[in-house]
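# Chain and residue survey
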Amino acid sequence: MLKKLLSLAAIACALPAFALDGEIGVHDPSTVISQAGHFYAYGTGNGLPVLTSDDGWTWRRAGSLMSAVPGGKVGPAVLARGGDNTWAPDVIHVGDRYFLYYAAPATQPRAAIGLLVGRTLDPSAPDYRWEDRGPVVWSDGIEDSNAIDPGVLLAPDGKLWLTYGSYFGFIRLVELDPATGLRRFPDRKPIDIAINSEASIPIYHDGWYYLLVTHGSCCQGANSTYNIRMGRSRKVTGPYLDNMGIDMLEGGGKSFAASRGRHVGPGHFGRLDLGDGVEKFSLHYEADLDRGGISVLDIRPLLWRDGWPVAGDNLTTGVYGIESARTGSVLELAVQGSPVGGFRARRPPVAGNGPPPEPPAGSFIPDQESSQVSASWLGSTDVRLAPAMLQAQQKWLIAPAPGGGGYPGAPYFRISISGTERSLTAVAGGELAATPFTGAPEQLWRIDELTDGTWRITPKAVPGSTDMLALSAVGSSKATLAKFDPASDRQRWKLGAP
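Everything numeric in this text was worked out from a predicted model, so none of it was measured.

## As for the sheet that holds strand S8 (residues 110-118)
Here 4 strands make up an open sheet; going across it, the order is S6-S7-S8-S9 and the pairing antiparallel. Among the strands making up the open sheet, the edge pair consists of strand S6 (87-94) and strand S9 (130-140). Averaged over all adjacent pairs, the angle separating strand axes in this sheet is 20°, with direction ignored.

## Some details on the sheet that holds strand S18 (residues 263-275)
Overall, antiparallel pairing links the 4 strands, which are arranged S18-S19-S20-S21 in an open sheet. With partners counted over all chains shown, the strands left at the sheet margins are S18 and strand S21 (308-311), one partner each. Strand after strand, the sheet turns through a mean of 35° between neighbouring axes, direction not considered. Bridge count for strand S19 (residues 278-288) against strand S20 (residues 294-305) is 7 bridges, and the pairing is antiparallel. Note on S20: the bridge partner recorded for Asp288 is Ile294.

## Side note on the side chain of Arg456
If you trace the backbone, Arg456 turns up in strand S32 (residues 455-459). By relative accessible area, which is 5% here, Arg456 ends up buried. Apart from the residues within four sequence positions on either side, Arg456 is in contact with Asp276, Val278, Arg446, Ile447, Asp448, Leu450, Met468, Ala470, Phe484 and Gln491.

## Remarks on the state of the cysteines
Tallying each qualifying case throughout the model produces 1 disulfide. One disulfide in the model links Cys218 with Cys219; its S-S distance is 2.3 Å. Between Cys218 and Cys219, the S-S dihedral sits near -65°, and the bridge is therefore left-handed. Take Cys218: its relative accessible area is 21%, and that puts it in the partly exposed class. Look at Cys219 and you get exposed, because its relative accessible area is 57%.

## Side note on the confidence of the model for the protein
Per-chain confidence: the protein averages 93 in pLDDT, with 95% of residues scoring 70 or above. Counting contacts from residues 1-16, a segment whose pLDDT is below 50, to residues more than four positions away or on other chains yields 27 contacts.

## Quick look at empty space enclosed by the protein
Applying the stated criterion across every chain yields a total of 3 cavities of 30 Å³ or more. Lining the largest cavity are 14 residues; nearest its centre among them are Pro29, Pro150, Ser200, His268 and Phe269. Within the residue set of the lining of the largest cavity, elements represented by two or more residues are S6, strand S14 (198-205) and S18. Each residue belonging to the lining of the largest cavity can be placed in one class, and the counts come to 7 nonpolar, 5 polar and 2 charged. As a volume, the second largest cavity reaches approximately 60 Å³. If you trace the second largest cavity, you find it lined by Ala194, Ile195, Asn196, Ser197, Val213, His215, Arg229, Met248, Gly251, Gly252 and Gly253.

Calculation notes
- Residues numbered from 1 in each chain as written.
- Predicted model: local features only at pLDDT ≥ 70, side-chain atom pairs only at ≥ 80, totals over all residues.
- Heavy atoms only, no water.
- Pairing = 2+ DSSP bridges.
- Helix = DSSP H or I, 4+ residues; strand = E, 2+ residues; numbered from the N terminus.
- Axes fitted to C-alpha atoms, helices over the stretch in contact; angles between N-to-C directions.
- Buried < 20%, exposed > 50% of the residue type's maximum accessible area, 1.4 Å probe, protein only.
- Contact = heavy atoms within 4.5 Å.
- Disulfide = S-S within 2.5 Å.
- pLDDT = per-residue confidence, 0-100.
- 1 Å grid on protein atoms, 1.4 Å probe; cavity = no way out; pocket = protein on both sides within 12 Å on 5 of 7 lines; lining within 4 Å.
- Points joined across faces, edges and corners; volume = space filled by probe spheres on them.
- Nonpolar A, V, L, I, M, F, W, Y, C, P; charged D, E, K, R; others polar.

As structure tokens, then:
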């Protein structure tokens, strides 16, 4: 197993984020939403297919949402305004209900956006059902709009907003009634806020409204050109400008996410706030080349820099240094280290008062590996912080733990001294050790990128404790576990080359 992990480290540490596990084939997914520790997403397809997960990492199909609607299909009022297709839903929790908006296009750009209302997302709950509330907005096929791809926002002031539209015309904004989910002022003209895009959704952060849209072409597999762009405004009604000051009504849009690696065509942004400084976003890739080029769901870290959202990457297998953001010291096995390249000889004394001669340049010094120095590590299980020395006891292999499960966006990881079985382990009393890997919960680590780009590292379980504890730097030499404090740097870590 260790040799397999080491080979993974060699080929995977430079790769971008991997997609989720399980049955994740979906197109035009809704924002991932959670209820009672379970996660749900809905997508384009017959009856609006449902994906669900118990941990946010491993997903499974759970039938179609329309099967829980009386009649089991698009209602007559929506059909009269649009068609019988069911595309690109979005979902939000408002009060004690869930509002799910979906596109019901006919021959585009004739389309409608319908509303379904439910009390629970759990298909096994006794009160699980969805009520058809009819159409919210629609396009007649003549106007410069296409009523598809809804995106919904509950603003901090309690107002509810819906954006919709595609390349057939403008991206439009209307206000909704939080009590009913329907349009609040149906006689008011929708507000045009963007163009040359689709799959729009507004979000709010720190005094700004952001409009994220999907740009480019879809539905062509690995030939799709989908990418996500954005603008921002102090008002939900716009204007939305990019970082160059160009209005999204004039084609502006700052890049947020584009194709790279083996994942092609990111689109359909959705925000997932997990609290305590951990934000994620959901999306789909038009083509996952590791899964035969199908469209798949993914969840990635959402960061914030210079007033703009930034698409983070999920952690991949590799050898890392684990550096405290507070002290600059790094996590290591508590052993006597050996200098990389050996000890340097002292310079010989020089007669007189002149400076000693500069030593000649030597040959390349390779990285230090544990096999070179670990003979002196026998018996040591302690873990501590120390200045970064590029030594083998500071090089941690981080790799998915086989069969360990996961959390939104990533699997649980094992964290081991590279080249050994000495794995970071939570022990009773909130302390740490390095012990042979068994796959026990105290050796499984959740690693979340925080919105500032640092990482929170938490064990799946701590013996004798029911609290969620995080790796913490008490001082320059002491590492322990403590409750996460979003206002402190003690539980923030940097991961990079050792």
